[in-house]
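# Chain and residue survey
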Amino acid sequence: MMMSLPLHSSVKSGNWCCYASLSVPQPQAEPQVLNGNPGGRGSDRKEIRLGLPSKGRMSADTLELLKNCQLSVKQVNPRQYVAEIPQLSNMEVWFQRPKDIVRKLLSGDLDLGIVGLDTVSEYGQSNEDLIIVHEALEYGDCRLSLAIPQYGIFENINSLEELANMPQWTEEKPLRVATGFTYMGPKFMKENGLKHVTFSTADGALEAAPAMGIADAILDLVSSGTTLRENNLKEIEGGVVLESQAVLIASRKSMIQRKGVLETTHEMLERLEAHLRAIGQFTVVANMRGSSAEEVAERVLSQPSLSGLQGPTISPVFCKRDGKVTADYYAICICVPKKALYKSIQQLRAIGGSGVLISPLTYIFDEETPRWRQLLSELGL
Ligand SMILES: Nc1ncnc2c1ncn2[C@@H]1O[C@H](COP(=O)(O)OP(=O)(O)OP(=O)(O)O)[C@@H](O)[C@H]1O
Ligand SMILES: O=P(O)(O)OC[C@H]1O[C@H](OP(=O)(O)OP(=O)(O)O)[C@H](O)[C@@H]1O
Ligand SMILES: [Mg+2]
């Protein structure tokens, strides 16, 4: 599978085009520029290749996440684009720009990758070969959102519907949108029934386009909203195209055809899921006076925040009194969501808990990860 560069796209820097004409290919006379391996999947490499963001805001967080899953990336030289993860045999890590990771997955030059969902959606263009293996790696949160000026004719416009119904937009004078998302943008406008729209593209600082008179609106990534505010722009109701965060993606063909890719995907998925489940939880251990494990369990389970993952683990605490070994106390061990910690402590105390110990959790491995089952079914395995 090869994907050619968008040479034939009619969205050009500073030029305008109607979204309806975006997918019209130009005559084949131009020399073809391919993305990646011109031999396509003929490559007989034996290594498994993982693409990671080489720079930018995704880069450090990606390495940190992998490290926390005991999958540290060993980079011999920071200027080199290839590295390894010693825990995963036969694995080559290639540092690439996020959009190139998606392109190289499609051309068969990478097998796995970590990028933002926005990049997968824009450059993957719903290609069936791309599979999202883990859709929520819990960093890189942002949204792809339409924004318009707070001033002038837009002062009282607060929703996509109101924007669409403005009398100003006609075939001759359409709404001009500046965006780097030249696939997602037109698709969103079409799906939302906005007829008179044109797009232009630039590589950055899109927020300047309305003030410069180059565009009426912009479609760009937003996280804190500071850049929009500082440029007197606002988001509108119904204008969010996509909520994005970092995702693990893989090539369907690689997982099915290339030796070891599916097993490596499984291991990465297991470690990521187990780690991500654990970071939201604490282990809580407490002592409680009681006549039997069952009686203590009844008390613990009477409290809504103390049920744990499967239920509380309760063990007798033995002490020697007057030469006799007895169990007057029981130790209870449960996992509680970090957000519910204080409520859980209050509930524990209310039922006679004491000596409460809290520790962080590193992993929670279940019998099977739900995403693995889903992946196998997606692959028809
Ligand atoms: N403001 C933001 N807040 C949080 N995450 C963001 C934000 N902007 C982008 N991202 C996420 O980080 C990814 C990479 O963004 P980054 O700005 O590092 O690269 P880029 O914009 O593709 O490249 P460059 O800025 O070098 O042109 C985006 O695809 C998105 O998933
Ligand atoms: O809502 P905020 O937190 O203000 O973030 C939004 C800004 O972040 C991104 O730009 P980036 O910093 O990546 O610069 P770029 O335009 O050069 O990619 C995005 O393109 C916005 O401009
Ligand atoms: Mg950027």
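Per an unreviewed UniProt entry, the chain goes by the name ATP phosphoribosyltransferase and belongs to Canavalia gladiata. The chain has a UniProt comment under Pathway (unreviewed entry) that states "Amino-acid biosynthesis; L-histidine biosynthesis; L-histidine from 5-phospho-alpha-D-ribose 1-diphosphate: step 1/9." In its Subcellular location (unreviewed entry) section, the UniProt record describing the chain reads: "Plastid, Chloroplast".

This paragraph deals with the overall build of the chain. A tally of regular secondary structure across the chain gives 11 helices and 16 strands. Per-residue burial over the chain gives 45% buried out of 381 residues. Intrachain contacts of the chain at a sequence separation of at least 6 include 74% that bridge at least 24 residues. Here the chain has roughly 20200 Å² of accessible surface; of this, 50% comes from carbon and sulfur atoms.

What follows is about the sheet that holds strand 6 (residues 130–134). With respect to topology, 6 strands assemble into an open sheet ordered 3-4-2-5-12-6, the strand pairing being mixed. For this open sheet the edge positions go to strand 3 (82–84) and strand 6, each flanked by a neighbour on one side alone. The sheet shows a mean angle of 35 degrees between the axes of neighbouring strands, direction not considered. As judged from the 5 bridges shared by strand 5 (residues 112–116) and strand 12 (residues 246–251), these two strands associate in the antiparallel manner. When the sheet's bridge partners are listed, I114 is paired in strand 12 with L248.

So, about helix 1 (residues 57–68). Burial in helix 1 covers these residues: M58, S59, T62, L65 and L66. Viewed along the axis of helix 1, the buried residues span an arc of 140 degrees, placing them on a single side of the element. Pointing more than 90 degrees away from the buried face of helix 1 are the exposed residues R57 and A60. Its buried side turned inward, helix 1 meets strand 2 (48–53), strand 5, strand 12 and helix 8 (261–278).

Our next topic: the nonpolar core. M91, V93, L137 and M268 are the most contacted members of the largest nonpolar core, which has 35 residues in total. Looking at this core, the elements that each hand over two or more residues are strand 2, helix 1, strand 4 (91–96), strand 5, strand 6, strand 12, helix 8 and helix 11 (370–378). Counting residues per element, this core draws most heavily on helix 8, at 6 residues. Not counting residues within four places of it along the chain, the set of residues in contact with L137 comprises L65, I114, Q245, A246, V247, L248, L272 and L276. Residues V102, M184, L194 and I249 belong to the second largest nonpolar core, which totals 34 residues.

Inspection of the region around ligand 2 gives R57, G204, A205, E207, D220, L221, V222, S223, S224, G225, T226 and T227 as its neighbouring residues. Contact between ligand 2 and D220: an oxygen atom at 2.8 Å from a side-chain N or O atom of the residue. Contact distances for ligand 2 include 2.4 Å between an oxygen atom and a side-chain N or O atom of T227. Coverage of ligand 2 by the protein chains reaches 63% of its 490 Å² of free accessible surface. Of all the secondary-structure elements, those providing two or more residues to the shell around ligand 2 are strand 10 (217–222) and helix 6 (226–230). Considering each element in turn, the shell around ligand 2 owes the most residues, 3 residues, to strand 10. In terms of residue class, the shell around ligand 2 is made up of 3 nonpolar, 6 polar and 3 charged.

Thresholds, definitions, all that
- Residues numbered from 1 in each chain as written.
- Chains lettered and ligands numbered in written order.
- Predicted model: local features only at pLDDT ≥ 70, side-chain atom pairs only at ≥ 80, totals over all residues.
- Heavy atoms only, no water.
- UniProt positions renumbered as here; feature names shortened; annotations may be inferred.
- Helix = DSSP H or I, 4+ residues; strand = E, 2+ residues; numbered from the N terminus.
- Buried < 20%, exposed > 50% of the residue type's maximum accessible area, 1.4 Å probe, protein only.
- Contact = heavy atoms within 4.5 Å.
- Areas by Shrake-Rupley, 256 points an atom, 1.4 Å probe, with all protein chains shown as cover.
- Pairing = 2+ DSSP bridges.
- Axes fitted to C-alpha atoms, helices over the stretch in contact; angles between N-to-C directions.
- Arc of directions from axis to C-beta.
- Core = buried A, V, L, I, M, F, W, Y, C linked by side-chain atoms within 4.5 Å.
- Near = heavy atom within 4 Å.
- Polar contact = N/O pair within 3.5 Å; in protein donor to acceptor, adjacent residues only side chain to side chain.
- Nonpolar A, V, L, I, M, F, W, Y, C, P; charged D, E, K, R; others polar.

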